[in-house]
Structure formats: structure tokens, C-alpha cells
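# Working through the structure, step by step
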Amino acid sequence: MELPTLPFTVTDWSAVPVTEHPGETGKALWRSFLAGDLRVRMVEYTPGYLADHWCDRGHVLFVVSGELITELKDGRRFVLTAGMSYQVSDFGDYPHRSSTEIGATLFIVD
């Protein structure tokens, strides 16, 4: 990841408009900051959320609250709770998708 040239920026996430993204079940609520190819998001997954696709994009993801289940296409599953993170590269060997039974709030940089 290469950060684009941008001024020092403070983000009040509560003031950023929410966009809704339906999953196979549940929904994801995104608040996004975009600068060039950089995307920084606060994402809330509703209880029962299951992503509707396998993702090949690289991320740095931090679980702010709740519990996130990340499944890799090869069948491995990881349970992340508040204070945990994962890092995955663009178009690597690890297509992944997210789900949660109880809901989760995430901070994601990609």
C-alpha cells in the first residue's frame, strides 16, 4: 500500500454518511474516507451478516467491537474479537469472506 499525498486529515466518523451494503444475509454499514487509491472505513456488520462474495482485495482490518469470523476459500476459519486484527495482500492466495453472528464494528484500511 502506498499512501497518496494528502494533507493532515482528521476524520469524525460520526459525521461521515453511511452507505448500506447488503450481504447474503444481514448488511454492512460503511463510513468511508477516500483519497486516491486509499480507502479508510469504519464498517458495522449487523448480527447474522454473511458477505455475498469472496474478496481478493488486500486489507488491514482491526476489530473495534463484537466478533468477526473470517473464512478463507481454502476452508480455514478465524474468529477475531475486539482488539484483534488481520492483514492480507491484494490478489494473494487467500480469498476471504466475513461473517458474524453477534455483529461487529471494524476499522479497515485498503
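Now for a look at the structure at hand. Every value quoted in this text rests on a predicted model; they were computed, and no experiment measured them.

### So, the overall build of the chain
- Summing up its helical and strand segments, the chain has zero helices and eight strands in all.
- Listing the helices and strands of the chain from first to last along the sequence gives β-β-β-β-β-β-β-β.
- Principal axes of the C-alpha set define a box for the chain whose edges measure 40 × 30 × 25 Å.
- Residues classed as buried in the chain amount to 36% of the 110 residues present.
- Relative to all contacts within the chain whose residues are 6 or more apart in sequence, the contacts with residues 24 or more apart total 59%.
- Carbon and sulfur atoms provide 56% of the accessible area of the chain, an area that totals close to 6700 Å².
- Side chains of the chain carry 9 positive and 15 negative charges; the gap between the two charge centres is 2 Å.

### Section: the pattern of salt bridges
- Within this structure, the stated rule accounts for six salt bridges.
- Residue lysine 27 pairs with glutamate 20 through a salt bridge whose shortest N-O separation is 3.6 Å.
- Lysine 27 gets classed as partly exposed once you look at its relative accessible area, which sits at 31%.
- Of the residues examined, glutamate 20 reaches a relative accessible area of 53% and is grouped as exposed.
- Between aspartate 74 and arginine 76 there is a salt bridge, with the nearest N and O atoms lying 2.9 Å from each other.
- Among the residues examined, arginine 76 registers a relative accessible area of 37% and is labelled partly exposed.

### Some thoughts on the packing of aromatic side chains
- Here the structure, examined in full by the defined rule, presents two aromatic pairs.
- Note on tryptophan 13 and phenylalanine 107: the rings are 6.2 Å apart at their centroids and 85 degrees apart in plane angle, and the pair reads as edge-to-face. Taken together, the residues tryptophan 13 in the segment before strand E1 (19–22) and phenylalanine 107 in strand E8 (residues 104–109) connect sequence positions 94 residues apart.
- Using a relative accessible area of 18% as the deciding quantity, one classes tryptophan 13 as buried.
- A ring pair is formed by tyrosine 45 and tyrosine 49, whose centres lie 4.1 Å apart and whose planes are at 10 degrees; its orientation type is stacked. This pair shows no difference in class: tyrosine 45 is buried, exactly as tyrosine 49 is.
- Arginine 41 extends its terminal NZ or CZ atom over the ring of tryptophan 30, reaching a point 4.3 Å from the ring centre.

### Here we look at the pairing of strand E3 (residues 38–45)
- Among the eight residues of E3, seven are classified as buried, and the element is accordingly described as predominantly covered.
- Bridge count between strand E2 (residues 27–35) and E3: eight bridges; the pairing is antiparallel. The residue of E3 that forms the bridge with tryptophan 30 is valine 43.
- Hairpin remark: E2 followed by E3, antiparallel, with two residues in the connecting loop; positive phi at glycine 36, about 60 degrees.
- In the sheet, E3 pairs with E8 via six bridges, with the strands oriented antiparallel. Within E8, the position partnered with valine 40 by the bridge is valine 109.

Calculation criteria
Residues numbered from 1 in each chain as written. Predicted model: local features only at pLDDT ≥ 70, side-chain atom pairs only at ≥ 80, totals over all residues. Heavy atoms only, no water. Helix = DSSP H or I, 4+ residues; strand = E, 2+ residues; numbered from the N terminus. Buried < 20%, exposed > 50% of the residue type's maximum accessible area, 1.4 Å probe, protein only. Contact = heavy atoms within 4.5 Å. Areas by Shrake-Rupley, 256 points an atom, 1.4 Å probe, with all protein chains shown as cover. Lys, Arg positive; Asp, Glu negative; His and termini not counted. Charge placed at Lys NZ, Arg CZ, Asp CG, Glu CD. Salt bridge = Lys/Arg side-chain N within 4 Å of Asp/Glu carboxyl O. Phe/Tyr/Trp six-rings, centres within 6.5 Å; stacked < 30°, edge-to-face > 60°. Lys NZ or Arg CZ within 6 Å of the ring centre and 35° of its normal. Pairing = 2+ DSSP bridges.

From the geometry alone we can't say anything about function, so treat these as descriptive.
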